[in-house]
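What follows is each chain in one-letter form.
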Number of protein chains: 2
Amino acid sequence: MIDRDVPIATGAIPAQTAKRHVYFVSDSTGITAETVGNALLANFPAVGFIRRTIPFIDTVEGAHNVVREIDGVSAANGRPIVFTTVKAAALREVIAGADAEIIDLLAGHLIELERALGLTASEQLGQFHSVGNVERYFARMRAVEYAIEHDDGQSRRALDIADVVIIAPSRCGKTPTTMYLALQYGLLVANYPLTDEDFPTDGLPKWVAPYANRCFGLTTTPLRLSQVRHERRPNSTYSSLEQCTLELRRAEDLYRRNRVPFLNSSTKSVEEMSAVILQAMRPRA
Amino acid sequence: MIDRDVPIATGAIPAQTAKRHVYFVSDSTGITAETVGNALLANFPAVGFIRRTIPFIDTVEGAHNVVREIDGVSAANGRPIVFTTVKAAALREVIAGADAEIIDLLAGHLIELERALGLTASEQLGQFHSVGNVERYFARMRAVEYAIEHDDGQSRRALDIADVVIIAPSRCGKTPTTMYLALQYGLLVANYPLTDEDFPTDGLPKWVAPYANRCFGLTTTPLRLSQVRHERRPNSTYSSLEQCTLELRRAEDLYRRNRVPFLNSSTKSVEEMSAVILQAMRPRA
C-alpha cells in the first residue's frame, strides 16, 4: 500500500529521529489536500514526515475531534503541520484553534476568486467530487471497462472507437497508463503489445494499422526493462539485457518509421505519461 | 472524453453567452492545478467557464508563450483566470505579467511552509509526480494488474493477499472503484459479483468467505441500478426494477448479517467511495 496513513507513534520520538507530523484535513475525500500538501512537502526532501489523512470532516463535532487529536500529538511531539481544504467558515474556525501550523489550501484562493469574478461563492460542501455529473460517472465506468477488455491486445471489438491505442513491448508501462487515462480523463484506451511476431516489418501490426493516427508508443531503457521483466521471469531470455535492447530498438524504429509519437517511461510517472499522451493526441484529434 | 481542454473560441463571444476563460498552468502534469482550480470554480455554479490546461511549462520561453496566448484571449474575451502551480521564481514572474487574474496555488503556501519548518525550500521542478520512487511505480503496476486479473470474480489466484475484496451485485460500481484504489493507493483489490446463485444463503459466497474481514460491499438505489443496467441490456429482466430491488435487498441483508461494511454508490464519486473504503479498512487491518 502506498503511504496514505502512516501510523502515529503514541510516545515521544527520540530527538535524533524526530519527524514532523503532518495532517491532511478535508470535508471531502482528502485527495486535494494530499496532492497539494505532498507537492509542497516534496520541496523539503531532508525532512522526515509522518502523514495522516482525515477525510469527511463536515460537522463542527468532527472538527473538534480533529483538533483534540492534533493537540494530543502536538503536546507529545511538537506542533504538527495541518493542510486543510475544509470550506465551511464555522469548521475552519474550529480547526484554526488547533495547536498546529495551519495551511489553508482553499479559503484564501476562494477570496481571490470571488474578487476576480466579482461574485460571492455559494457555500456548499464537496461539490467537486460529487457524483452530480452522472454522465461523467458513466463515461469513467465505460472507459475502465473498455480498458480492461482491450488490455494487452485481448480484443479487437470496437477498436475503431478508441481515443488512443498505446503500443509497446511487454512491461513498458502500457497497462497502468491505459487505466489512468481511462479513470482520470474518461478516454477509451486500448493497448497492444509489440512481440517478436510483429518484426521484422516496416508497418504497424495489422490490427492497429488502421488507427495509426491514434497510436502512441512507449519505450524505456534496456536496463530498466530487464529489471522489470526479471521480477516476472527471473533469468529468462525474456528478461535478458540482449533481448530487451533488441526489442526496444525495434520498437523505436517502428515508431519513427510510422510517425507514431512515443515517450520513454523510465523517468516518468503514470501521471506524467498520461499528460504527455493527452497533449500529443490533441492536435491530431 | 471528460472535459480537460475545451477548445477556445477565436472570435469574440456574444455578451449573452459570455463565458469566463480559465487556464491551468503547470510545470508538471497540470493535475494539481486542475484539481484545486476546479474545486474552487465549483463554488460558482452559475458561471460558465471555458477551461484549458497547459502542462510542462518549465522554461522561460514556454512561460512567454503562455503569456502570449493568454493576452490574446484577454484582448478578445476579457481577462481570463489563471490557476498556476509553476514553482520556479523566474517563470512565475513571467506568468505574473499576463493580462489575467493570476491565482498562484503553491507559491504562497510554500512560504507558509518554509516559515512553519524554519527551512528554505529546495527549488526543483516536478518532484512530486516524478517516478523517483521506483517502488511506488512497481506497486501501482502490480496493483493494476492484480485488479484486472481479479475483476468480476475472474480469478481465485492469490486472493489471500488482497487488501480489499469488493462485493456487490452487477453494475453497482465495483470495477471503477477497484481500479481507482489500485492506481491511487497501490492496494491489491479483488472484486466479486453477487449473483442469484449466491442466494438464498446466510453466509458470504464461499470464495470470499475466508476473507470476510477484508470485504467491503456496494449497494445503490433500485432506480439507479435499473437505469445503469438498462444501458447494457434494455428491457431485460436483468434491468427491471423488480429484479434490481430484489438483488439490492438481498445484498444489503448479506452485508448486515456478515458485518461487512458497505456504502451506497448512487450519490458518490469513485474518489469518495475509495476514500470511504480506505477509512473503513484501516482499523480492521
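Computed from a predicted model, the values in this text were never measured in an experiment.

About the cut-offs
Numbers given to residues run from 1 along each chain, matching the order in which its sequence is written. Labels follow written order: the first chain is A, the first ligand is 1, and so on. The predicted nature of this model means local features are confined to residues of pLDDT at least 70 and side-chain atom pairs, given and counted, to a pLDDT of 80 or more, with totals for whole chains, interfaces and linings taken over all residues. Side-chain numbers come from the whole structure's heavy atoms, not from hydrogens or water. For this overlay, a least-squares fit was computed on C-alpha atoms, restricted to residues scoring pLDDT of at least 70 in both copies. Throughout, a contact is declared for two residues whenever any of their heavy atoms are within 4.5 Å. Only protein chains enter the calculation, and the probe is 1.4 Å; a residue is then buried if its accessible area is under 20% of its type maximum, exposed if over 50%, and partly exposed in between. Strands here mean DSSP runs of E at least two residues long; helices mean DSSP runs of H or I at least four residues long; both are numbered from the N terminus. This arc is taken over the directions from the axis of the helix to the C-beta atoms. Between Lys or Arg on one side and Asp or Glu on the other, a salt bridge is scored when a side-chain nitrogen of the former is within 4 Å of a carboxyl oxygen of the latter. For two strands to pair, DSSP has to find at least two bridges joining them. Geometry is summarised by axes, namely lines fitted to C-alpha atoms with helices restricted to the contacting stretch, and by angles between N-to-C directions that run from 0 to 180 degrees. UniProt positions are given in the numbering used here, feature names are shortened, and annotations may be inferred rather than shown by experiment. Crossover handedness is defined here as right-handed if the route from the first strand over the helix to the second strand goes clockwise, with the strands pointing away from the viewer. Once two parts are joined, some of their accessible surface, as seen by a 1.4 Å probe, is lost; buried area is that loss totalled over both. We call two N or O atoms a polar contact when they sit within 3.5 Å, provided that within protein one can donate a hydrogen and the other can accept it, with sequence-adjacent residues counted only if both atoms are side-chain atoms.

Another aspect to go through is the relation of the copies chain A and chain B. The two copies are related by a screw motion: chain A maps onto chain B through a turn of 180° and a shift of 0.0 Å along the axis, at an RMSD of 0.0 Å. Accordingly, the operation relating the two chain copies is best matched by a two-fold axis. Looking at the rotation axis and the C-alpha trace of chain A, the residue lying nearest is Ile148 of chain A, at 3.2 Å. In this assembly, 100% of the residues forming the interface of chain A have copies in chain B that are likewise at the interface, indicating an isologous arrangement.

The next subject is helix α3 (residues 89-96) of chain B. Residues and elements named next belong to chain B. For α3, the complete set of buried residues consists of Leu91, Val94 and Ile95. Projected down its long axis, α3 shows its buried positions confined to an angular sector of 95°, all on one face. Seen from the buried face of α3, the exposed residues on the opposite side, beyond 90 degrees, are Glu93 and Ala96. Packing partners of the buried residues in α3 comprise β1 (20-25), α2 (60-77), β3 (81-84) and β4 (101-104).

This brings us to the pattern of salt bridges. All names here are of chain A. Taken as a whole and judged by the stated rule, the model has 30 salt bridges over all chains. With its nearest N and O atoms 2.7 Å apart, the salt bridge here joins Glu149 to Arg157. We classify Arg157 as exposed; its relative accessible area is 51%. When the shortest N-O distance is used, the salt bridge between Arg250 and Asp196 registers 3.3 Å. On the criterion of sequence distance, the pair formed by Arg250 in helix α8 (residues 241-257) and Asp196 in the loop between β6 (189-194) and β7 (215-219) is long-range, its members being 54 residues apart. Salt bridges linked by common partners bring Arg79, Asp99 and Glu101 together as one network.

Pairing between the strands of a sheet is mediated by backbone hydrogen bonds and can be parallel or antiparallel. Residue and element names in this part refer to chain A. Taken in spatial order, the 4 strands make up an open sheet running β6-β5-β7-β8, and their pairing is parallel. On the outer flanks of this sheet lie β6 and β8 (262-264), each paired with one strand and no other. In this sheet, neighbouring strand axes are inclined to one another by 25° on average, regardless of whether the strands run parallel or antiparallel. Direction of pairing for β7 relative to β8: parallel, over a ladder of 3 bridges. Following the sheet pairing, Gly217 is matched in β8 by Phe262. Packed on one face of the sheet, α8 meets β5 (164-169), β6, β7 and β8 and runs near 145° to β5.

Per the UniProt annotation, the sites labelled "binding site: ADP" (unreviewed entry) are Ala168, Pro169, Ser170, Arg171, Cys172, Gly173, Lys174 and Thr175 of chain A. Its location among the elements puts Arg171 of chain A in the loop between β5 and α6 (174-185). Not counting residues up to four positions away in its chain, the partners in contact with Arg171 of chain A are Leu225, Val228, Arg229, Arg232 and Tyr238 of chain A together with Met141 and Glu145 of chain B. Examined against the element boundaries, Cys172 of chain A turns out to sit in the loop between β5 and α6. Note on Cys172 of chain A: relative accessible area 1%, which makes it buried.

Looking now at the environment of Trp207 of chain A. Residue and element names in this part refer to chain A. Structurally, Trp207 is set in the loop between β6 and β7. We classify Trp207 as partly exposed; its relative accessible area is 26%. The sequence separation of Trp207 and Tyr192 amounts to 15 residues, and the corresponding C-alpha distance is 9.0 Å. Setting aside chain neighbours within four positions, we find Trp207 in contact with Gly153, Arg156, Leu159 and Tyr192.

What follows is about the pairing of strand β2 (residues 49-54) of chain A. Regular strands show a simple pattern: their side chains alternate between the two faces of the sheet. All names here are of chain A. Among the 6 residues that make up β2, 6 are buried, leaving the element largely enclosed by the rest of the structure. Residues Phe49, Arg51 and Thr53 of β2 are buried on one face, and the alternating residues Ile50, Arg52 and Ile54, pointing to the opposite face, are buried as well. Where strand β1 (residues 20-25) meets β2, 6 bridges bridge the pair, whose relative direction is parallel. Within β2, the residue paired with Tyr23 across the bridge is Arg52. Traced from β1 through helix α1 (residues 31-41) to β2, the parallel crossover comes out right-handed.

Pairing is parallel in the open sheet, where 4 strands are placed in the order β2-β1-β3-β4 (chain A). The sheet is open, and its two borders are formed by β2 and β4 (101-104) of chain A, each paired with just one other strand. The sheet shows a mean angle of 20° between the axes of neighbouring strands, direction not considered. On the sheet, helix α4 (residues 107-117) of chain B packs against β1, β2, β3 (81-84) and β4 of chain A and is oriented at approximately 175° with respect to β4 of chain A.

Each partner contributes to the interface: chain A provides 93 residues, whereas chain B provides 93 residues. When chain A packs against chain B, the two sides together hide about 8400 Å² of surface, and 68% of this comes from carbon and sulfur. If you look at where chain A meets chain B, you find 8 salt bridges. The salt bridge involving Glu145 of chain A is made with Arg232 of chain B; its shortest N-O contact spans 3.9 Å. The interface formed by chain A and chain B includes 9 residue pairs in polar contact (both at pLDDT 80 or more).

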